[in-house]
Amino acid sequence: MAVAILFGVFALLLLIGVPVAFALAASALAALFWLDLPAIVLVQQTAAGTGSASLIAIPLFIFAGEIMMRGGISERLIGLAAALVGRLRGGLGQVSILSSLFFGGVSGSAIADVSAVGGAMIPQMIKRGYDRDYAVNVSITAALVALLVPPSHNLILFSAAAGGGLSITDLFAAGIVPALLMTLALMVTGYAVARRRGYGTEAFPGWPALALRFVAALPGLGLVTLIFVGIRAGVFTAVESAAVAVVYALGVTTLVYRKLRWRDFLETVMGAARTTGAILFVIAAAAVFGWLLAYLQVPAAAVDALQSVADRPTTVLLVIILLLLLLGTFMDLAPMILICTPIFLPVARAYGIDPIHFGVVLILTGGIGLVTPPVGSVLFVGTAIGGISIGQSLRTIWPFWLAALVVLLLVAFVPGLSLGLPGLLK
């Protein structure tokens, strides 16, 4: 009965439009009252949920990404992508996809990616004669790449939800090949759709111009190398790398690009504070929810339930993916990571599925939910930028959604795609 109250109240509050963090806290409080546990448990577990030192990396990486986004890096990354792939069919669409790969390494956030890259590319594509639905669909699905490219704060969040025992560096490494695979799949899909619709190409600016654009974008791209190589080499921890990223971003945007003014800096601080506050509020509320899941032995029950219907790791993983795709239609990625990790990670471990591999699958599956109604936050942002309704986008998004699903299944059932690079680097 307590489990039914916990999930029932949570689902009901989500359906009537209550924000996720409040729904998590309220459902946990209702279950606590039913179990006759003191309400102080809610306060204690909420405070404990944000007490992990590894979580300090999240606001710092968000701050670094905001600085780079407002400090001139986005237009330089777009310029480099245009020189590299603009001459392909559907040139601006290809530029948007590759720019998302580059920018994801700076922001680590799908929302930031579609806001920065989509905010620049969608109006340009519409102005150049591309259909609005194509411009929006390319941009929002390309934003999924940012979830897997270091320094993805979703990977850090998964490590914290898993108990903090997983290497953040291994998670960063595990996301790189799937991110490149997703980029390639979306570019092929974008090419096919553009060819069917008769879109043109962009002129190649020449090798000297390409070299100049690469040099101009190099300081921004260097942030990814600094973070990843620094952690892997043992120079600094993940939290220390986030602090270094902030200092590096400030140096690049003020001394190299000279675009970050005092007013921009204040807006950056406020934007990072708002994003951090929202994420940490969800983390705090999800902590007591997760504590109740453990108290009520829900993970053990999930293992028993899946063992009764499946006897092979591939079958179990497929069932989990279907459940996560369903949950992703009405739950944002951060709360889904925090709620589902304590439930499904023990199941994955019981069947011998590597937790690093499972983390990449979980985040990629939840990312697809970000472009799926009714609670697809990336879908909402992209359609708002493009000035079209969600219905108009959904009528033609299916080739891109299908490409993302194929990549998800490949990553899920070919573990070497995610585990190969971490193993090689070790």
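Thresholds, definitions, all that
- Residues numbered from 1 in each chain as written.
- Predicted model: local features only at pLDDT ≥ 70, side-chain atom pairs only at ≥ 80, totals over all residues.
- Heavy atoms only, no water.
- UniProt positions renumbered as here; feature names shortened; annotations may be inferred.
- Salt bridge = Lys/Arg side-chain N within 4 Å of Asp/Glu carboxyl O.
- Helix = DSSP H or I, 4+ residues; strand = E, 2+ residues; numbered from the N terminus.
- Buried < 20%, exposed > 50% of the residue type's maximum accessible area, 1.4 Å probe, protein only.
- Patch = residues over 30% accessible without salt bridge, like charges linked within 9 Å, V, L, I, M, F, W, Y side chains within 5 Å.
- Areas by Shrake-Rupley, 256 points an atom, 1.4 Å probe, with all protein chains shown as cover.
- Core = buried A, V, L, I, M, F, W, Y, C linked by side-chain atoms within 4.5 Å.
- Contact = heavy atoms within 4.5 Å.
- 1 Å grid on protein atoms, 1.4 Å probe; cavity = no way out; pocket = protein on both sides within 12 Å on 5 of 7 lines; lining within 4 Å.
- Points joined across faces, edges and corners; volume = space filled by probe spheres on them.
- Nonpolar A, V, L, I, M, F, W, Y, C, P; charged D, E, K, R; others polar.

An unreviewed UniProt entry annotates the protein as TRAP transporter large permease protein originating from Arenimonas terrae. Checking UniProt for the protein, the heading Function (unreviewed entry) contains the comment "Part of the tripartite ATP-independent periplasmic (TRAP) transport system." Under Subcellular location (unreviewed entry), UniProt gives the following word-for-word description of the protein: "Cell inner membrane".

### Some details on the pattern of salt bridges
As enumerated under the stated definition, the model contains three salt bridges in all. For the salt bridge of aspartate 133 with arginine 197, the shortest nitrogen-to-oxygen distance reads 3.0 Å. One end of the pair, aspartate 133, is in helix α8 (residues 132-142); the other, arginine 197, is in helix α10 (residues 168-197), and 64 residues separate them in sequence. Since its relative accessible area comes to 28%, arginine 197 is described here as partly exposed. The salt bridge partner of glutamate 267 is arginine 263, with a shortest N-O separation of 3.8 Å. Of this pair, glutamate 267 and arginine 263 both sit in helix α13 (residues 262-295), separated by four residues, roughly a single helical turn. By relative accessible area, which is 63% here, arginine 263 ends up exposed. Look at the salt bridges and you will find they share partners, linking Asp131, Asp133 and Arg197 into a network.

### Regarding unusual backbone geometry
The phi torsion of most residues other than glycine is negative, and most of the peptide bonds are trans. Of note, aspartate 36 is a non-glycine position whose phi angle comes to about 60 degrees, a positive value. Relative to the helices and strands, aspartate 36 resides in the loop between α2 (20-34) and α3 (40-49). With a phi angle near 55 degrees, arginine 258 is a residue other than glycine that sits in the positive phi range. Topologically, arginine 258 is positioned in the loop between α12 (238-256) and α13. For arginine 258, a relative accessible area of 55% translates into the label exposed.

### Brief notes about a nonpolar patch on the surface
A cluster of nonpolar side chains, Leu318, Leu322, Trp398, Leu402, Val406, Leu409, Leu410, Phe413 and Val414, forms an exposed patch at the surface whose accessible area comes to about 780 Å². Going through the elements one at a time, α15 (313-328) and α20 (398-413) are the ones with two or more residues in the nonpolar patch. When residues of the nonpolar patch are assigned to their parent elements, the largest contribution, six residues, is made by α20. Relative to the assigned elements, phenylalanine 413 resides in helix α20. Residue phenylalanine 413 is classed as partly exposed on the basis of its relative accessible area, which comes to 33%.

### A short note on the nonpolar core
Core analysis: the biggest nonpolar cluster contains 152 residues, and Phe10, Leu24, Phe158 and Phe358 have the highest contact counts within it. Excluding anything up to four places from it in sequence, leucine 24 contacts Phe10, Val282, Ala285, Ala286, Phe289, Pro335 and Ile339.

### As for the layout of surface pockets
What the largest pocket holds in volume is close to 840 Å³. Along its surface, the largest pocket is lined by 34 residues, and Ile111, Thr275, Ala278, Ile279 and Asp332 are the ones closest to its centre. For the lining of the largest pocket, the secondary-structure elements that each account for two or more residues are α2, α4 (57-70), α7 (110-127), α9 (153-161), α13, α16 (333-350) and α18 (377-386). Considering each element in turn, the lining of the largest pocket owes the most residues, seven residues, to α13. A breakdown of the residues in the lining of the largest pocket according to their chemical character gives 21 nonpolar, nine polar and four charged.

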